[in-house]
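Structural overview
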Amino acid sequence: MRILLVSQMYPGPADPDLGTFVRDLEQALAARGHILERAVLDHRGGGKRRYLGLARRAVATAWRFRPDVVYAHFLVPSGLVAAFASRAPLVVTAHGRDVRNVGAYPGVGAATRAVVRRARAVVAVSDYLRRELEAKVPEARGKTEVVDSGVDLQRFRELPAPRPASDGGTRYLSVGGLTPRKNVLRLAAAFERLGAGTLTFVGDGPLRPRLERRPGVVLAGRVPHGDVPRYLAEAHVVCQPSLVEPFGQALLEALACGRSVVATAIGGPPEFVPPDAGVLVDPADEDALVEALRAAAGLPRPNPAARAAAALHDVNEQARRLEAIFERAARDRRA
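Residues numbered from 1 in each chain as written. Predicted model: local features only at pLDDT ≥ 70, side-chain atom pairs only at ≥ 80, totals over all residues. Heavy atoms only, no water.

Another point: the state of the cysteines. Applying the stated rule across the entire model yields zero disulfides. The cysteine cysteine 239 is free of any disulfide, with cysteine 257 supplying the nearest cysteine sulfur at 15 Å. For cysteine 257, a relative accessible area of 1% gives the class buried. (Disulfide = S-S within 2.5 Å. Buried < 20%, exposed > 50% of the residue type's maximum accessible area, 1.4 Å probe, protein only.)

Strand order in the open sheet made by the six strands is β9-β8-β7-β10-β11-β12, with parallel pairing throughout. A single partner strand is all that each edge strand has here, and the edge strands are β9 (217-221) and β12 (278-281). Across the sheet, the axes of successive neighbouring strands diverge by a mean angle of 20°, strand direction being ignored. Summarising the sheet, strand β11 (residues 260-264) and β12 pair through four bridges and their orientation is parallel. Within β12, the residue paired with threonine 264 across the bridge is valine 281. Against the sheet, helix α7 (residues 184-194) touches β7 (171-175), β8 (198-202), β9 and β10 (237-240), its axis set at about 160° to β8. (Pairing = 2+ DSSP bridges. Helix = DSSP H or I, 4+ residues; strand = E, 2+ residues; numbered from the N terminus. Axes fitted to C-alpha atoms, helices over the stretch in contact; angles between N-to-C directions. Contact = heavy atoms within 4.5 Å.)

Quick look at the pairing of strand β4 (residues 90-94) now. By the criterion of burial, β4 is predominantly enclosed, with five of the five residues buried. The alternating pattern of β4 places Leu90, Val92 and Ala94 on one face and Val91 and Thr93 on the opposite face, and all of these are buried. Sheet analysis places strand β3 (residues 69-73) next to β4, joined by four bridges and oriented parallel. In the strand pairing of β4, histidine 73 is matched with threonine 93. Taken together, β3, helix α3 (residues 75-85) and β4 form a β-α-β motif whose crossover is right-handed. (Right-handed = clockwise from strand over helix to strand, strands pointing away.)

Written as structure tokens, this is what we have:
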């Protein structure tokens, strides 16, 4: 099939960690024999004007490429751009923030409903997100399927046992933005109560100053996605106790590396983190988080149950499932 990919997030030279899950799915679809062209944003800067550039690229690419299906990541703005770029059937994946924005910003709800009505199929990355979307946008009911972004099992292959920490404690790792939603301050406070080990944050954000100069806390900053496995190799436990996590891509990548996890119980993680691969925790309960960190440290290193859990979400299998959705969308158009 000829697939036009439209996304507001895609890895680029200045931001190689941006939307790597979009690229991984694109490559998996191409490996299945599909022809893809893209209209994407591969950088963070530029403000809202960059979406006008995305729209122009999408229209020009659609006119030249003549796709069988247009596949967009994020309902708004990418899905809205894709909806007007081509008359081809539209399939759009909701990732989380796009659903949370419905009702939070003027006009987003109406734009989202327009995208959902135009789409032949909507994909949610977790059942949790599907329920939230259908509650906010009733038009999504009956046309939304759950297919997560998957993980490249070859890239995040099982790593050897991590070396011990210098003080004999546990090496904890958090991968993601240093933002309130990621709950990094409560994670740091819970770690400090353990009194041993290290906690490394890979990522950046507005809460960085409040994490600096804390005992045992290492701030690695934002790193290219290709460097993430190296940090995982050093970690014993990967932590993402977000206040809410629509899916949890970093957790899935950690599982694929054979690393146990501490994950939020709110959102998508309960759908793919079994008890022998990690610990689910109430993110607002610091006492529970302390105990979760301690319990996860007692799981195997590496953890074969973690790798087995991730294998159920192989990106190649997710691409196969998307392919079936695209084929139905194209078939409905011909009918």
